[in-house]
Amino acid sequence: TPMGELMRRYWHPVAATGELKDRPTKAVRLLGEDLVRYRDKSGTYGLIERFCPHRRVDLSYGIPEEHGLRCMYHGWMMDETGQCIEQPFEETVHPDGRFKEKVKIAGYPVQEMAGLLFAYMGPEPAPLLPRWDVLTWDGHRDWQSYDLPCNWLQCQENSLDPLHFQWLHRYFGGWMMNRSKPPEERDAWNAITGAKGGDHKKIGFDVMDYGVIKRRLVGDETEESEFWRIGHPVLFPNILRVAHGMQFRPPVDDTHTLHITMQFRPY
């Protein structure tokens, strides 16, 4: 689709690199494609088609070798570009054969930055992986990922809606927190959530080169507060920057989203 073609012109996070140290292969679905992300023994990362071209075996069960991912069914091995580089029995029977050179599955460029593995699934040449400020600072980053049963645009549209903060995060969130306490420990949830005096009194939106900056003032906040002075940059097409954190919304398919969040702490 036109929007799918546009989304392929951007880098999308697919995993925290720490995940691949303990579990070097894992199935992932991104932009409607079934893929496998892996880390071979040399430390090279790959993102290739999930199924072996030989007998369609699931390569998320493959074996990472020194320079590639080996199918555990018949030993065919793919490199990070999706090119078949070994066909053990065929090479024994036909030592001068070059059939493996004709075998290639989808393989996409990946780059590591700030503890996260990014993939580019569009036409070459790939653009520069954006060096957003919080991804380049010295410090510690906590990454989390969630599978959401909704279209990525629903998540992104929510980022441009300032008013839900008062009711969903403060009001409903406080109400839910109170419900989790024993009855004798519960306070008046209206007071805890700051519903009184926590109303939005001003919102603003500024268009910038990379998207839109959302701003809001709640309660006694002034325009010197971070939420107004800096605001929440919503970076096209699917990123939200909040304080020292970022949120990415890579589309899995039309009805599912991979939601990846990061919080930064200086050393």
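Up top is the structure these notes are about.
Residues numbered from 1 in each chain as written. Predicted model: local features only at pLDDT ≥ 70, side-chain atom pairs only at ≥ 80, totals over all residues. Heavy atoms only, no water.

1. Section: the overall build of the protein
The criterion, for reference: In this text, helices come from DSSP runs of H or I with a minimum length of four residues, and strands from runs of E with a minimum of two, each type numbered from the N-terminal end. This radius of gyration counts C-alpha atoms alone. The globule rule is 2.2 Å times how many residues there are, raised to the power 0.38. Relative accessibility thresholds used throughout: buried, under 20% of the residue-type maximum; exposed, over 50%; partly exposed, between the two (1.4 Å probe, protein chains only). Contacts are assigned to residue pairs with any non-hydrogen atoms lying within 4.5 Å of each other. For the accessible areas, the method is Shrake-Rupley and the probe is 1.4 Å, while residue cover comes only from the protein chains on display.
A count of helical and extended segments in the protein gives eight helices and 19 strands. A compact globule built from 267 residues would reach a C-alpha radius of gyration of about 18 Å, whereas the protein, at 23 Å, exceeds it by more than 25%. Overall, the C-alpha framework of the protein stretches about 80 × 50 × 40 Å when taken along its three principal axes. Across the 267 residues in the protein, those meeting the buried criterion constitute 43%. Look at the contacts in the protein between residues 6 or more apart in sequence, and 49% of them connect residues 24 or more apart. About 15000 Å² of surface is accessible on the protein, with carbon and sulfur atoms providing 54% of the total.

2. Observations regarding the sheet that holds strand β10 (residues 110–113)
To keep it simple, the criterion reads: By this definition, two strands are paired if DSSP reports at least two bridges between them. For helices, the axis comes from a line fit to the C-alpha atoms of the stretch in contact; other axes are also lines fit to C-alpha atoms, and the angle between any two N-to-C directions lies between 0 and 180 degrees.
With respect to topology, three strands assemble into an open sheet ordered β1-β11-β10, the strand pairing being antiparallel. Each edge of the open sheet carries a strand with a single partner, namely β1 (11–16) and β10. The average angle at which neighbouring strand axes cross in this sheet is 35 degrees, direction not considered.

3. A few points about the sheet that holds strand β5 (residues 63–65)
The strand order across the open sheet built from four strands is β5-β6-β7-β8, with neighbouring strands paired in antiparallel fashion. Looking at the sheet topology across the chains shown, the edges are occupied by β5 and β8 (84–86). When strand β6 (residues 68–70) meets strand β7 (residues 77–78), the two strands line up antiparallel, connected through two bridges. Each residue of the ladder has a partner; that of Arg70, found in β7, is Met77.

4. Regarding helix α5 (residues 152–159)
Heads up, the condition is: By definition, the arc is the one covered by directions from the helix axis to the C-beta atoms. Any pair of N or O atoms that falls within 3.5 Å is considered a polar contact. Within protein, one atom must be able to donate a hydrogen and the other to accept it, and sequence-neighbouring residues count only if both atoms are side-chain atoms.
For α5, the full list of buried residues reads Trp152, Cys155, Gln156 and Ser159. For α5, the arc enclosing every buried residue in end-on projection is 95 degrees, short of the 170-degree limit, so these residues lie on one face. More than 90 degrees from the buried face of α5, the exposed residues found are Gln154 and Glu157. Capping the start of α5 is the job of one residue whose side-chain oxygen sits 2.8 Å from the backbone nitrogen of Leu153: Asn151.

5. Observations concerning the packing of aromatic side chains
Threshold: Each Phe, Tyr or Trp ring, with Trp reduced to its six-membered ring, pairs with another whose centre is within 6.5 Å; inter-plane angles below 30 degrees give stacked pairs, above 60 give edge-to-face pairs, and intermediate values give tilted ones.
Applying the stated rule across the entire model yields eight aromatic pairs. Measuring from ring centre to ring centre gives 5.9 Å for Tyr10 and Phe236, while their planes differ by 70 degrees; the resulting arrangement is edge-to-face. Of this pair, Tyr10 sits in the loop between α1 (2–7) and β1 while Phe236 sits in the loop between β15 (232–235) and β16 (239–242), and the two are 226 residues apart along the sequence. Of the residues examined, Tyr10 reaches a relative accessible area of 27% and is grouped as partly exposed. Measuring from ring centre to ring centre gives 5.9 Å for Phe172 and Trp175, while their planes differ by 45 degrees; the resulting arrangement is tilted. Taken as a pair, Phe172 and Trp175 lie in helix α6 (residues 164–179) at a separation of three residues, close to a single helical turn. Here Phe172 falls in the partly exposed class, since its relative accessible area comes to 40%.

These results come straight from atomic positions and should not be treated as a statement about function.
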